[in-house]
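Here is what each chain is made of, one letter per residue.
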Amino acid sequence: TAIIAAAKGTQDLMIVARAGCAKTTTIKLLVPSLPTQSVLALAFNKKNALDLKAELPPYVQSKTLNALGYKAWWQFLGRKEMTVDTKKNYQVIQTICGKQNISLSKEEKSMLADLLNAGRALGFMPKGSPIPGLSIVRDDEDGIETIFDWADVDYRQDLEVLFRAGMVEHIRQGLAGTIDFNDQIYLPVVFSAPFDRFDTVVVDEAQDLSDLNHRMIKRACAKRMIMVGDDKQAIYAFRGALSDSMGKLAAMRDFQFLPLTMTFRCGKAIVARAQDYVPDFVASPGNSEGSVEDWTKEGPHHNDADSHIEWHARDIPAHSAVICRNNAPLIKLAFKLLRQGRGVQMLGNDIGKSLERALDLAAKGLSPDTPSPTVLAAVEAWFKKEISKAKTDRKIESLEDRWECVAAIVEEAADLRGARNLCHKLFEDAAAVVTLSSGHKAKGLEWDSVIHLDPFRIPSRYAHSPEALTQESNLRYVIETRARHRLILANLEDFE
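Residues numbered from 1 in each chain as written. Predicted model: local features only at pLDDT ≥ 70, side-chain atom pairs only at ≥ 80, totals over all residues. Heavy atoms only, no water.

This part takes up the overall build of the protein. Of the regular secondary structure elements, the protein holds 20 helices and 16 strands. Rg of the C-alpha trace for the protein: 24 Å, near the compact-globule value of 23 Å for 496 residues, within the 12% margin. In terms of its C-alpha atoms, the protein occupies a principal-axis envelope of roughly 70 × 70 × 40 Å. Sorting the 496 residues of the protein into buried and exposed places 52% on the buried side. (Helix = DSSP H or I, 4+ residues; strand = E, 2+ residues; numbered from the N terminus. Rg over C-alpha atoms; globule rule 2.2 N^0.38 Å. Buried < 20%, exposed > 50% of the residue type's maximum accessible area, 1.4 Å probe, protein only.)

With that settled, the discussion passes to the pattern of salt bridges. The tally for this structure, following the rule as stated, stands at 38 salt bridges. Here arginine 273 makes a salt bridge to glutamate 480, at a shortest N to O gap of 2.5 Å. Taken together, the residues arginine 273 in helix 12 (residues 268–274) and glutamate 480 in helix 20 (residues 466–480) connect sequence positions 207 residues apart. For arginine 273, a relative accessible area of 23% translates into the label partly exposed. Sharing partners across several salt bridges, the network here consists of Lys23, Asp204, Glu205, Asp208 and Lys443. (Salt bridge = Lys/Arg side-chain N within 4 Å of Asp/Glu carboxyl O.)

Side-chain direction in a regular strand flips from residue to residue, so the side chains alternate between the two faces of the sheet. A large share of strand 2 (residues 39–43) lies buried, amounting to five of its five residues. Neither face of strand 2 is open: one carries Val39, Ala41 and Ala43, the other Leu40 and Leu42, and all of them are buried. Relative to strand 6 (residues 198–203), strand 2 runs parallel, the two being bridged by four bridges. Along strand 6, the bridge assignment pairs alanine 41 with valine 202. In terms of strand pairing, strand 2 meets strand 3 (residues 61–64) through four bridges, oriented parallel. Paired with leucine 40 across the strands is glutamine 61, a residue of strand 3. As a crossover connection, the stretch from strand 2 through helix 3 (residues 46–55) into strand 3 is right-handed. (Pairing = 2+ DSSP bridges. Right-handed = clockwise from strand over helix to strand, strands pointing away.)

This part covers empty space enclosed by the protein. Inspection of the entire model under this criterion finds one cavity of 30 Å³ or more. In this structure, the largest cavity encloses a volume near 50 Å³. Lining the largest cavity are Ile270, Arg273, Ala274, Arg476, Tyr477, Glu480 and Leu487. Mapped by element, the contributors of at least two residues to the lining of the largest cavity are helix 12 and helix 20. Its residues assigned to classes, the lining of the largest cavity comprises four nonpolar, no polar and three charged. (1 Å grid on protein atoms, 1.4 Å probe; cavity = no way out; pocket = protein on both sides within 12 Å on 5 of 7 lines; lining within 4 Å. Points joined across faces, edges and corners; volume = space filled by probe spheres on them. Nonpolar A, V, L, I, M, F, W, Y, C, P; charged D, E, K, R; others polar.)

Further remarks concern the packing of helix 4 (residues 65–76) against helix 10 (residues 211–220). Axis angle and axis distance: for two packed helices, these are the angle between their axes and the distance between the axes, and together they describe the pair. Here helix 4 crosses helix 10 at 65°, and the two axes come no closer than 11 Å. Judged by the twist between their axes, the crossing of helix 4 over helix 10 is left-handed. Of the residues in helix 10, those in contact with Leu65, Leu68 and Gly69 of helix 4 are Asn213, Met216, Ile217 and Ala220. Its residues assigned to classes, the contact of helix 4 with helix 10 comprises five nonpolar, two polar and no charged. (Axes fitted to C-alpha atoms, helices over the stretch in contact; angles between N-to-C directions. Left-handed = near helix turned anticlockwise from the far one by under 90°. Contact = heavy atoms within 4.5 Å.)

What follows is about unusual backbone geometry. At the junction of isoleucine 458 and proline 459, the peptide bond is cis and its omega measures out at 0° in the coordinates. Mapped onto the fold, proline 459 is located in the loop between strand 15 (447–453) and helix 20. Positive phi, close to 60°, is recorded for arginine 79, a residue that is not glycine. By the element assignment, arginine 79 lies in the loop between helix 4 and strand 4 (83–84). Of note, the phi angle at serine 192 is positive, near 50°, even though the residue is not glycine. Serine 192 sits in the partly exposed class, given a relative accessible area of 49%.

Once that is clear, we can look at the nonpolar core. Proteins that are soluble and globular tend to have nonpolar side chains buried together. Core analysis: the biggest nonpolar cluster contains 59 residues, and Phe163, Ile217 and Met227 have the highest contact counts within it. If one sorts the elements of this core by residue count, helix 6 (residues 106–121) sits on top with six residues. Those residues within four positions of isoleucine 217 in sequence are excluded, and the remaining contacts are Leu42, Leu65, Val201, Val203, Leu209, Met225 and Met227. In this structure, Leu359, Ala390, Ile396 and Ile488 belong to the second largest nonpolar core, which totals 49 residues. (Core = buried A, V, L, I, M, F, W, Y, C linked by side-chain atoms within 4.5 Å.)

Attention shifts here to the sheet that holds strand 16 (residues 483–490). Sheets are built from strands paired through backbone hydrogen bonds, the pairs being either parallel or antiparallel. Reading across from one edge, 11-16-15-12-14-13 is the order of the six strands in this open sheet, with parallel pairing throughout. Edge strands, defined here as strands with exactly one partner in the open sheet, are strand 11 (291–294) and strand 13 (344–346). Each strand axis lies, on average, 20° off the axis of its neighbour in the sheet, ignoring direction. Inspection of the sheet shows strand 13 paired to strand 14 (residues 434–438) by three bridges, in the parallel sense. Bridge assignment links glutamine 345 to a residue of strand 14, and that residue is threonine 435. Packed on one face of the sheet, helix 20 meets strand 12 (320–324), strand 15 and strand 16 and runs near 140° to strand 15.

Our focus in this paragraph is the packing of aromatic side chains. Per the counting criterion, the structure on display carries ten aromatic pairs. Counting every residue linked through ring pairs, the aromatic cluster contains Trp73, Phe76 and Phe191. Just above the ring of tyrosine 277 sits the side chain of lysine 232; from NZ or CZ to the centre is 4.7 Å. We note arginine 239 situated over the ring of tyrosine 236; from NZ or CZ to the ring centre the distance is 3.8 Å. (Phe/Tyr/Trp six-rings, centres within 6.5 Å; stacked < 30°, edge-to-face > 60°. Lys NZ or Arg CZ within 6 Å of the ring centre and 35° of its normal.)

What follows deals with helix 2 (residues 23–30). Every buried residue belonging to helix 2 is among Lys23, Thr26, Ile27 and Leu30, and all of these are buried. Along the axis of helix 2, the buried residues cluster in a sector spanning 100°; they form a single face. Packing partners of the buried residues in helix 2 comprise helix 1 (2–7), strand 1 (12–17), helix 3, strand 6, strand 7 (221–229) and strand 8 (255–260). (Arc of directions from axis to C-beta.)

Running from N to C, helix 7 (residues 141–151) and helix 8 (residues 157–175) cross one another at 95°; their axes reach a closest spacing of 12 Å. When the interaxial angle is binned, helix 7 and helix 8 end up roughly perpendicular. From helix 7, Ile144, Ile147 and Phe148 reach across to helix 8, where they touch Leu159, Glu160, Phe163 and Arg164. In the contact of helix 7 with helix 8, the residues fall into five nonpolar, no polar and two charged. (Parallel < 35°, antiparallel > 145°, perpendicular 65-115°, else oblique.)

Written as structure tokens, this is what we have:
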């Protein structure tokens with residue numbers, strides 16, 4: 001009621017909404033109280049935007065940030081017809097390679113694609129751009145280093161040349177009306193496209209915004225901002241979000257801060273555990289008592305003789321989720337469950353593609369019928385070489401996780417062909433009663449029971465800076481507040 005009363009005024013609002021604290025309901029209730037009907041509601045993905053559209057009055061424009069950017073670029077081009085090409089990045093690479101009459105390996109194409117995505121995410125405009133604009137990351141030696149670091153690519157002068165050419169080609173095609181999803185954010189910001197203006201802009205998931213997103217919102221907001229989010233659920237710095245998005249927004253304007261901290265999702269025991277990190281997080285009196293079970297210490301089948309803890313497929317509650325910081329333990333558990341006849345579904349259809357790409361690079365030159373032991377040796381040698389070249393902890397950690405994932409898949413297959421097939425159809429059983437997910441993929445979802453697999457992996461041993469350690473603590477909070485009634489801590493090594 002305090003938030004709805006504040007909505008009737010004119011001051012900017014910052015609503016700090018913890019996990020399961022009726023954030024969407026509050027947005028739905030406050031919008032009709034706004035003293036204007038010129039309202040834009042921004043959501044982070046299409047599903048959330050559609051959910052808001054269904055709940056809010058018809059005069060409210062509910063959009064994703066991509067849709068907002070799309071329209072701005074459409075207006076910049078004089079409302080000409082545009083094409084959204086999801087494969088544009090690789091077509092740009094083919095175009096510049098053709099123009100320069102060079103051939104790149106699959107690995108080099110992948111690195112160049114990552115650089116082009118990084119350049120656009122960071123707002124880099126090359127000096128050779130077809131039209132003038134604002135380069136948020138400056139086109140100088142420091143700017144190029146920032147982009148290579150962000151993309152986790154080792155610097156090579158030839159890659160810099162191709163990267164610059166690729167950015168120019170992306171802009172050229174964008175001016176001709178061919179764009180991809182990254183362009184929808186990048187192009188209208190860097191080239192100051194005309195955004196529709198609204199008296200009030202309401203933003204959901206404000207903790208996940210990037211610098212470019214902040215600039216878009218400022219251009220769309222004529223008078224008032226209402227930001228809704230949870231700074232403790234900021235976990236996407238690795239993909240371009242600002243680690244302190246809400247703090248940086250707060251420094252821009254004079255916000256009134258309003259808490260939304262009573263959860264209607266999590267049982268009281270789960271909330272009590274989360275309070276170690278989020279002290280203002282409280283449970284609604286009507287919530288279940290809930291439970292936090294630490295199977296890593298005194299599991300359901302603890303053997304006092306050897307202090308060995310065991311848990312089994314039958315111990316996993318039906319329609320539950322197993323969530324882990326890393327993908328490798330999930331893949332290993334999935335194969336164990338499949339062998340025991342337990343159907344699983346792994347969230348994130350991009351995981352299989354990523355692992356197949358790594359497998360192809362590691363097993364380059366091997367025939368499809370190469371037996372698994374030979375493939376495994378090639379995989380180990382390739383990953384060790386890549387890890388030795390990696391310059392950042394984030395790159396090393398990513399490579400190690402993929403190494404474990406690919407090795408687990410190869411060990412499960414008879415030959416290279418079988419391993420590739422496993423990557424293609426990795427855990428597609430949508431009717432399965434056990435869901436496997438990384439912490440990042442689980443954000444926004446909830447289950448009656450959640451097993452936090454290998455909780456010792458948080459914080460990562462590669463997290464050293466205060467910012468990195470905060471992201472790790474945030475991730476633990478996200479994982480464990482997906483549970484409504486039962487949170488279980490368990491280690492993979494104890495599964496039988």
